[in-house]
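# Analysis of the macromolecular model
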Amino acid sequence: MNLDDDDLFREAMGDVTPLKDCANTQWLRAPSTKAPRAQAHADLPENFLTRGFLEVIPLTTPLEFKAEGIQQGVLDKLRLGKYPLDASLNLLRQPVETCRQSLFNFMLEARKQGLRNLLIIHGKGRTDDAHANIVRSYLARWLQQFEEVQTFCSAQPQHGGAGALYVGLRKTEQARNDNRERHAKRSR
């Protein structure tokens, strides 16, 4: 860059502030296109997410799911973005099979770390048959296949709007025990 370009850049970036709270974003590497080594994946459970025929969900239909026994208030609070996000997964412009593998690995890692609230960015297409809407439709099916997913819905505009999903996971047994201990100490 010459001095004029440098000055223009500084002038253009003068009012830009760094993003806050970027520590909660997890960056997962895209799965390798090479053949996987058998011993590397021997300890991981098999990816049970379905492939094949898919009924595409129209863009005008908002994605929303609430598992049986979950109160409506939990879904409402999630829809309003009132739960702090623990991690996010970006699936923009990735092939469907890569999205399937990434989601499976992301959910395993989230469960292992005891995360509760996730953001999954899938993108927003202009037509029902756009790639982003196909990924969105698959996500609606795949997320319901995880036992730990208790609810999901479209995100708030600041987190991607209709191009992203909030996902609420069940508490781990360890988190339940910690919560019991914390509340038991208060009642004494």
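Going by the structure above, here's the rest.
The rules behind these values
- Residues numbered from 1 in each chain as written.
- Predicted model: local features only at pLDDT ≥ 70, side-chain atom pairs only at ≥ 80, totals over all residues.
- Heavy atoms only, no water.
- Salt bridge = Lys/Arg side-chain N within 4 Å of Asp/Glu carboxyl O.
- Helix = DSSP H or I, 4+ residues; strand = E, 2+ residues; numbered from the N terminus.
- Buried < 20%, exposed > 50% of the residue type's maximum accessible area, 1.4 Å probe, protein only.
- Expected span 1.5 Å × (residues − 1).
- Contact = heavy atoms within 4.5 Å.
- Phe/Tyr/Trp six-rings, centres within 6.5 Å; stacked < 30°, edge-to-face > 60°.
- Pairing = 2+ DSSP bridges.

### Regarding the pattern of salt bridges
Using the criterion set out here, one finds eight salt bridges in the structure. Notably, a salt bridge pairs D76 with R79, separated by 3.0 Å at the nearest N-O pair. Here the residue D76 and the residue R79 both occupy positions in helix α2 (residues 72–79), the gap between them amounting to three residues, near one helical turn. Relative accessible area serves as the criterion here: at 29%, D76 is assigned to the partly exposed category. Here R79 falls in the partly exposed class, since its relative accessible area comes to 29%. One salt bridge connects R100 with E97, and the closest N-O pair in it is separated by 3.0 Å. Of the two residues, R100 and E97 are both situated in helix α3 (residues 96–113); the distance of three residues between them amounts to about one turn of the helix. When its relative accessible area of 4% is taken as the criterion, R100 is described as buried. Here E97 falls in the partly exposed class, since its relative accessible area comes to 34%. Each of R51, E97 and R100 takes part in a single network of salt bridges with overlapping partners.

### Looking at unusual backbone geometry
Even without a glycine there, the phi angle at R93 is positive, about 55°. Tracing the sequence through the fold places R93 in the loop between β2 (87–90) and α3. Judged by its relative accessible area of 75%, R93 falls in the exposed class.

### What to know about helix α4 (residues 131–143)
If you check α4, its first and last C-alpha atoms are 18 Å apart, about what 13 residues at 1.5 Å a residue would give, namely 18 Å. For α4, the buried fraction is high: ten of the 13 residues fall into the buried class. For α4, the set of buried residues is A132, N133, V135, R136, S137, Y138, L139, A140, W142 and L143. Next to the buried residues of α4 lie α3, β3 (117–121), β4 (149–154) and β5 (164–169).

### Topic: the packing of aromatic side chains
Taken as a whole and assessed by the stated rule, the structure comprises five aromatic pairs. Ring geometry for F48 against F104: centres 5.4 Å apart, planes inclined by 85°, an arrangement best described as edge-to-face. In this pair, F48 sits in the loop between α1 (3–12) and β1 (64–66) while F104 sits in helix α3, placing the two residues 56 residues apart along the sequence. Measuring from centroid to centroid gives 5.4 Å for F65 and F152, while their planes differ by 25°, and the two rings are stacked.

### Observations concerning the environment of Q150
Inspection of the secondary structure puts Q150 in strand β4. The exposure class assigned to Q150 is buried, which follows from its relative accessible area of 11%. Considered as a pair, Q150 and R116 are 34 residues apart in the sequence and their alpha carbons are 9.9 Å apart. When sequence neighbours within four positions are dropped, the list of residues in contact with Q150 reads F65, K66, A67, I70, V74, R116, G168, L169 and R170.

### Quick word on the pairing of β5
Of all six residues that make up β5, six are buried, and the element is covered over most of its length. Because side chains alternate across β5, one face comprises the buried residues A164, Y166 and G168, and the other comprises L165, V167 and L169, equally buried. Pairing of β3 with β5, which is carried by five bridges, proceeds in the antiparallel orientation. Bridging across to β5, I121 finds its partner in A164. Taken together, the five bridges between β4 and β5 define a ladder with antiparallel strand orientation. Looking at the pairing, F152 lines up with V167 of β5.

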